[in-house]
There are 2 protein chains.
Amino acid sequence: MTQTHPFDETVALTAQSDGRWTGDTGTAYGNFVGAFGGAVSAMLLNSVMKDDRTLGSPVSQTVNLCAPLAQGGFTIQTKLQRGGKYTQHWNVELFQNDAIIATASIVMGNRSETFSHQPAQMGDVTPASKIDPLPNTIPLEWTNRYDFRFAEGMPIVSGKPNAELGSPHTKVWISDNPPRPLDYLSLSAIADGFFVRLLQVRGTMEPMGTVSLTTHFLATPEELNTQGTAPLLGVADSNRMHNHFHDQTMQLFGTDGTILATGTQVVWYRQ
Amino acid sequence: MTQTHPFDETVALTAQSDGRWTGDTGTAYGNFVGAFGGAVSAMLLNSVMKDDRTLGSPVSQTVNLCAPLAQGGFTIQTKLQRGGKYTQHWNVELFQNDAIIATASIVMGNRSETFSHQPAQMGDVTPASKIDPLPNTIPLEWTNRYDFRFAEGMPIVSGKPNAELGSPHTKVWISDNPPRPLDYLSLSAIADGFFVRLLQVRGTMEPMGTVSLTTHFLATPEELNTQGTAPLLGVADSNRMHNHFHDQTMQLFGTDGTILATGTQVVWYRQ
């Protein structure tokens, strides 16, 4: 008997009617309050990918996290805003008890061979196999669902402010735990799998959370198949932290150096 | 008699009812087909900023450009999805003849003094005053509305493919033409004021266009006032171009080196 991977259980949706879907968060991807934003992102993407009208594969997703997604049932409503030969635009809303928890805009696109070029390079990095996984002492359930191996910029939260501010730059190998072959849903979740940059800059845990998360999917379905269960290299950074908000950029490379996704998010922090 | 700046004319909206607004594109920001995406972005943001219910100042905006905005009248419908003490989430739709042209999600936020840190630096760059403005031979009306001074990576479109692929990296001073004091609306537009990276990599003009544009506003209103009409330094780059889609990242610095906005867009190209 094959056991369903906790990620697939978490993002599973049941069709109701007219682009309406229901699901249940479960507990496997729990965060401080509510579910991990990456899991919410994958649920939203799943509602579009499961639709009979969907075109090609995901190109872009912006998720706005309006309130924590509490453990339990939720409803998703999709709206196909406009479709064409090359791209398709969707808006998606996620509710709990009739209150909006998250919204998303999703672009699907038809891919075929064109000019291809990758200016960004992975650079020198220690292979995942030569780095110990992060010993998981973090009391957040979702962090147990990933294997993190920090090549550069492991966040060290000492509980007291850093004497000297840390760098927001991180290079980290990330894979699902237990292993699961990569697809657009897990890529959408891993795009939010970087710890908040403020943590490693200051060295202290503060009330903070992602407000809006944008991911551009640059990989073809074939490239995701090739990647399989091997670890992705994630590179994260921040440009500026000011007056409650900071940005956080990211790149996700396949093991062979192919860029699979890039993106940015804006984080709110209290003080 | 003071003349209204063409930007203000272009993004002007007339209140109808229930978050419904109307406007007219005019001709000052015309692009290949329809209006410049940056102008569309500013129209959408204006519909939220003009609303009596709006909170604080803009934090994040994602604009999905579904179809060209033809010259003439248009309608905008806003929806306040969720509001809190710190942030407010909006969805916005722009129509022409009942067809969706663009959608946006916009996050507004209350700003006040907190921990502040800017890891990203402007680096060495020739001042705008020492660079000649781009001689405008581009047959796109919107490009006449900006003063572009390229410090690095001026796109050269020769009409034949580059013998060696160009770098997608650009540093360019950008300001409104004629000058106009910076505000969030013009910042939203300038965020889309970078030429498509594919152009300078290949050296040829191809059918291409922005599909989704995300901007994170990191500046306070006071910082925008300080900037006034001085040129912004824009830095743009791309990570990967593959199978019809490429990403395009950007940073916008004030003249004094303060990061005012960062963002990313995904571009569709035909071949």
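Residues numbered from 1 in each chain as written. Chains lettered and ligands numbered in written order. Predicted model: local features only at pLDDT ≥ 70, side-chain atom pairs only at ≥ 80, totals over all residues. Heavy atoms only, no water.

Caption draft 1: Inspection of the overall build of chain A at higher detail. In terms of helices and strands, chain A carries five helices and 13 strands. Computed over its C-alpha atoms, the radius of gyration of chain A comes to 18 Å, within 12% of the 18 Å expected for a compact globule of 271 residues. Taken across its 271 residues, chain A has 61% of its residues classed as buried. Restricting the contact set of chain A to residue pairs at least 6 apart, pairs at least 24 apart contribute 70%. Working note: accessible area of chain A is about 10,600 Å², and carbon and sulfur atoms make up 49% of it. (Helix = DSSP H or I, 4+ residues; strand = E, 2+ residues; numbered from the N terminus. Rg over C-alpha atoms; globule rule 2.2 N^0.38 Å. Buried < 20%, exposed > 50% of the residue type's maximum accessible area, 1.4 Å probe, protein only. Contact = heavy atoms within 4.5 Å. Areas by Shrake-Rupley, 256 points an atom, 1.4 Å probe, with all protein chains shown as cover.)

Caption draft 2: Representation of helix α2 (residues 37-49) of chain B within the structure. All names here are of chain B. Compared with the 18 Å implied by 1.5 Å per residue over 13 residues, the 18 Å span of α2 between its first and last C-alpha is a close match. Counting buried positions along α2 yields twelve of 13 residues, so the element is predominantly enclosed. If you check which residues of α2 are buried, you get Gly37, Gly38, Ala39, Val40, Ser41, Ala42, Met43, Leu44, Leu45, Asn46, Ser47 and Val48. (Expected span 1.5 Å × (residues − 1).)

Caption draft 3: Examining the pattern of salt bridges more closely. Residues and elements named next belong to chain A. Overall, the coordinates contain 16 salt bridges over all chains when judged by the stated rule. Asp147 is the salt-bridge partner of Arg149, the closest N and O atoms lying 2.7 Å from each other. We classify Asp147 as buried; its relative accessible area is 19%. Notably, a salt bridge pairs Arg202 with Glu206, separated by 3.9 Å at the nearest N-O pair. A single network of salt bridges, built from pairs that share partners, joins Asp8, Arg180 and Asp183. (Salt bridge = Lys/Arg side-chain N within 4 Å of Asp/Glu carboxyl O.)

Caption draft 4: View of the relation of the copies chain A and chain B. Superposing chain A onto chain B takes a rotation of 180° combined with a translation of 0.0 Å along the rotation axis, leaving an RMSD of 0.0 Å. Such a turn and shift between the copies fits a two-fold axis. Take the interface residues of chain A: 100% of them recur as interface residues in chain B, which is what a same-surface contact looks like. (Least-squares fit on C-alpha atoms with pLDDT ≥ 70 in both.)

Caption draft 5: Focus on the side chain of Gln248 of chain A. Residues and elements named next belong to chain A. Mapped onto the fold, Gln248 is located in strand β12 (residues 245-253). By relative accessible area, Gln248 is classed as buried at 3%. At 3.0 Å, the side chain of Gln248 and the backbone nitrogen of Arg197 are in polar contact. Those residues in contact with Gln248 that lie beyond four places of it in its chain are Phe194, Phe195, Val196, Arg197, Asp237, Ser238, Gly263, Thr264, Gln265 and Val267. (Polar contact = N/O pair within 3.5 Å; in protein donor to acceptor, adjacent residues only side chain to side chain.)

Caption draft 6: Inspection of the packing of aromatic side chains at higher detail. All names here are of chain A. Per the stated rule, a full pass over the model turns up 26 aromatic pairs over all chains. Ring centres 6.0 Å apart and planes at 70° place the aromatic pair Phe36 and Tyr146 in the edge-to-face group. Of the two residues, Phe36 sits in the loop between β2 (20-24) and α2 (37-49) while Tyr146 sits in strand β7 (residues 146-152), which places them 110 residues apart along the sequence. Neither Phe36 nor Tyr146 differs from the other in exposure class; each is buried. (Phe/Tyr/Trp six-rings, centres within 6.5 Å; stacked < 30°, edge-to-face > 60°.)

Caption draft 7: Seen up close, the pairing of strand β13 (residues 259-269) of chain A. Residue and element names in this part refer to chain A. Where burial is concerned, most of β13 is hidden: eleven out of the eleven residues are buried. Here strand β9 (residues 208-217) pairs with β13 via nine bridges, running antiparallel. When the sheet's bridge partners are listed, Leu213 is paired in β13 with Gln265. By the bridge criterion, nine bridges tie β12 to β13 in an arrangement that is antiparallel. Bridge pairing in β13 places Phe253 opposite Ile259. What sits between the antiparallel neighbours β12 and β13 is a turn of five residues, in which Gly257 has the positive phi angle 95°. (Pairing = 2+ DSSP bridges.)

Caption draft 8: Structural detail: the confidence of the model for chain A. With 100% of its residues at a pLDDT of at least 70, chain A reaches an overall mean of 95. Scoring of the predicted complex yields 0.97 for pTM and 0.97 for ipTM. (pLDDT = per-residue confidence, 0-100.)

Caption draft 9: Broad picture of the nonpolar core. Core analysis: the biggest nonpolar cluster contains 66 residues, and Leu94, Tyr146, Phe148, Leu187 and Leu252 of chain A have the highest contact counts within it. Here the element with the most residues in this core is α2 of chain A; it accounts for seven residues. Not counting residues within four places of it along the chain, the set of residues in contact with Leu187 of chain A comprises Leu182, Phe217, Leu224, Leu232, Leu252, Leu260 and Ala261 of chain A. Within the second largest apolar cluster, 65 residues are counted, among which are Phe36, Ala42, Leu94 and Phe194 of chain B. (Core = buried A, V, L, I, M, F, W, Y, C linked by side-chain atoms within 4.5 Å.)

Caption draft 10: Fine view of the interface of chain A and chain B. On the side of chain B, 68 residues touch chain A, which itself brings 68 residues to the contact. Here chain A meets chain B over a buried area of about 5,700 Å², counting both sides, of which 59% is carbon and sulfur. Interface area lost by chain A to chain B is led by Phe115, Asn239 and Arg240 of chain A, which between them contribute 13%. Put simply, Glu223 of chain B and Arg240 of chain A hold a salt bridge, and the shortest N to O gap is 2.7 Å. Seen at the junction of chain A and chain B, the total is 40 residue pairs in polar contact (both at pLDDT 80 or more). Per-element accounting of the side of chain A that touches chain B gives the leading share, eight residues, to strand β6 (residues 99-109) of chain A. Here the residues of the side of chain A that touches chain B are counted per class, giving 26 nonpolar, 32 polar and ten charged. (Buried area = accessible area lost by both parts, 1.4 Å probe. Nonpolar A, V, L, I, M, F, W, Y, C, P; charged D, E, K, R; others polar.)

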